[in-house]
Amino acid sequence: MLELTGEKLTIEDVVAVARHGLQVAPLSNTVIAHMNQSYEWIHDSVYKTDRIIYGVNTGFGPLARTRIAPEQARQLSRNIILNCCAGVGEPHPIELVRAAMLIRVNIFAKGHSGIRPLVAQTLIDMLNRGVTPIVPSKGSLGASGDLAPLAHIAVVLTRGESGDADYSGEAWFNGERLSGAEAMQRANISRIVPEVKEGLSLTNGTTFMVASCAFAVHDAQNLIRHAEIAAALSMEALLGLSEAFHPALHQANGQHGQITTAANILSLVEGSKLIDSIPNHVQDAYSLRCTPQVIGPARDAVQFIRERITIALNAASDNPLIFVEDQNADVSTKNNQRSSAQSASSAFKVSGGNFHGQGVSMWLNFLSIAMSAVANISERRTFRLTTPELSEGLPSMLVKTSGLDSGLMIPQYTAAALVSDNKTLSHPDSVDSIPSSANQEDHVSMGANSARHTLEILDNVRYVIAIELLTAAQAIDLRENGAARLGRGTSIAYSVLRKRVKFLEHDKETTSDIESLSEMIQSEEMLDSVRRSTRVFA
């Protein structure tokens, strides 16, 4: 079981829970103690002092100067959840919602949100028992965080003080789409009346953007490795030159991702009898010899974003945050750390903007552009393979009876359509901002749009690489003893591919082949086989 502490959640943890059903452990006594300390301070501030705390005993956004009476604080918590349930469009995938729920619990476990452990534990129970709120995919500006998406989760696990007859949203449970209340009842999980600040803490933060980015980083890394396998197979099918992958060339340029990609492709084609087989051939086209210079920077981009998102997975992104002082800390240290935001008590609140998703939005845009480039060069190799003037003697459209049969002509069309789609989708959402909330929120990140577009781009990239794999395998089979002349790594990849897709003798529908290879990429079946039998991708 995965234990959440607010400090060490990883991208792999998110994938394991959200996609593969890893169970989440109950909150530890240490986490419960930290959460209780900040909650008690918030509770006492509302009911025992005159402190004014944004969103706890005030209105929201431009209504922040409106004071809310202590006896209305619970209703305020429920109201903000209901008010933010304004999302539209098709639901987010179940795995993405589960990822957001997990990340939200991890944020709460840090103890800065001022809420009861019961709230976090209820989310854990929902994850472990399979209650997944239905969350519309559109409606977030990425500041103040993902308000609408998070509210569609919060409304399922909370209820009004009057009882369960109020709005509960919708949720999946055991494959059925139910009201939130019904799903929770069937799972034997009690919905909770939100206490002071709990409605705000449940809805305020970058959680959906970060969850999307976690999946995007994980999937992009997988796609890059498959792009390298596809490039190696195409290189062999086109009788390419190995010289452009020489380690000295890439060391001279000094870029780590480029060095890694070149080394991987050389390792994949090691022992090939197809590579370097054209006498007096001097130089290949860019789509072959510049592959490390295109895929390599994407590798570097993914690594950079992985580092940023790993931090974000363990970051408190709601507002305001509650900080409980260490009672055992040295007095002089405490005095040095005390700011104007602190009171004389053992805890203090700070209002700010950690919910603003500008960073995540930019990182997602960076990833979108990098992965669009990976697809662009893949499609160019597919085009070269199907074009007789460019393919070193292969038949037109890679079919024996060209003319009567059109072979792989149309899969290349599909790849071209997908890379063109990516060019539109990768326009950076992070440069846009539309003021909202009566100009209180006068700059927003549009990070939710970045997230949605990035995940769509990655789907497109997966199909483009699947089409290149399909095309390269067909081309290899059209070479004399082609499969027997492959390199050590590419021969393994080819064998896995041919278990799913047969050689194309005559025209037939190819959608099923493309989908099968896309599924193979997503499952990492080919990658695992190559990894087990070679030193590549170790």
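Calculation notes
- Residues numbered from 1 in each chain as written.
- Predicted model: local features only at pLDDT ≥ 70, side-chain atom pairs only at ≥ 80, totals over all residues.
- Heavy atoms only, no water.
- Axes fitted to C-alpha atoms, helices over the stretch in contact; angles between N-to-C directions.
- Helix = DSSP H or I, 4+ residues; strand = E, 2+ residues; numbered from the N terminus.
- Left-handed = near helix turned anticlockwise from the far one by under 90°.
- Contact = heavy atoms within 4.5 Å.
- Nonpolar A, V, L, I, M, F, W, Y, C, P; charged D, E, K, R; others polar.
- 1 Å grid on protein atoms, 1.4 Å probe; cavity = no way out; pocket = protein on both sides within 12 Å on 5 of 7 lines; lining within 4 Å.
- Points joined across faces, edges and corners; volume = space filled by probe spheres on them.
- Pairing = 2+ DSSP bridges.
- Polar contact = N/O pair within 3.5 Å; in protein donor to acceptor, adjacent residues only side chain to side chain.
- Buried < 20%, exposed > 50% of the residue type's maximum accessible area, 1.4 Å probe, protein only.
- Arc of directions from axis to C-beta.

### Observations regarding the packing of helix α9 (residues 207-237) against helix α19 (residues 511-523)
1) Next: Where α9 meets α19, the closest approach of the two axes is 9 Å, and the angle between their N-to-C directions is 115°. With respect to the hand of their crossing, α9 and α19 are arranged in right-handed fashion. Contact residues: Asp 219, Asn 222, Leu 223 and His 226 in α9; Met 520, Ile 521 and Gln 522 in α19.
2) Next: A breakdown of the residues in the contact of α9 with α19 according to their chemical character gives three nonpolar, three polar and one charged.

### Some words on the layout of surface pockets
1) Next: Reported here for the largest pocket is a volume of approximately 740 Å³.
2) Next: Residue lining of the largest pocket: 32 residues in total, with Gly 61, Ser 144, Leu 147, Ser 437 and Glu 441 positioned closest to the centre.
3) Next: Of all the secondary structure elements, the ones that give two or more residues to the lining of the largest pocket are α3 (73-84), α6 (147-157) and α8 (198-203).
4) Next: No other element matches α3, which puts four residues into the lining of the largest pocket.
5) Next: Grouping the amino acids of the lining of the largest pocket by side-chain chemistry returns 13 nonpolar, 17 polar and two charged.
6) Next: Considered as a void within the structure, the second largest pocket measures approximately 470 Å³ in volume.

### What about empty space enclosed by the protein?
1) Next: With the rule as written, the count across this model stands at three cavities of 30 Å³ or more.
2) Next: Approximately 40 Å³ is the volume attributed to the largest cavity.
3) Next: Considering the residues around the largest cavity, the lining is formed by Leu 408, Leu 470, Gln 474, Arg 498, Lys 502, Leu 504, Thr 510 and Asp 513.
4) Next: Considering only residue class, the lining of the largest cavity consists of three nonpolar, two polar and three charged.

### A few points about the pairing of strand β5 (residues 176-179)
1) Next: When strand β4 (residues 170-173) meets β5, the two strands line up antiparallel, connected through four bridges. Bridging across to β5, Glu 170 finds its partner in Ser 179.
2) Next: Hairpin connection from β4 to β5: two residues lie between these consecutive antiparallel strands, with Asn 174 at a positive phi of about 50°.

### So, the side chain of Ser 201
1) Next: In this fold, Ser 201 is placed in helix α8.
2) Next: Within polar-contact distance, the side chain of Ser 201 engages the backbone oxygen of Ser 113 at 3.0 Å.
3) Next: Within the structure, the side chain of Ser 201 is placed 2.7 Å from the side chain of Lys 197, a separation counted as a polar contact.
4) Next: If near-sequence neighbours (up to four positions away) are discounted, Ser 201 is found in contact with Arg 104, Phe 108, Ser 113, Ile 115 and Asp 318.

### Digging into helix α20 (residues 525-533)
1) Next: Among the residues making up α20, those that are buried are Met 526, Leu 527, Ser 529 and Val 530. Around the axis of α20, the buried residues are gathered within 165° of arc, so they sit on the same side.
2) Next: For α20, the elements touching its buried residues are α9, α11 (256-268), α17 (447-478), α18 (488-500) and α19.

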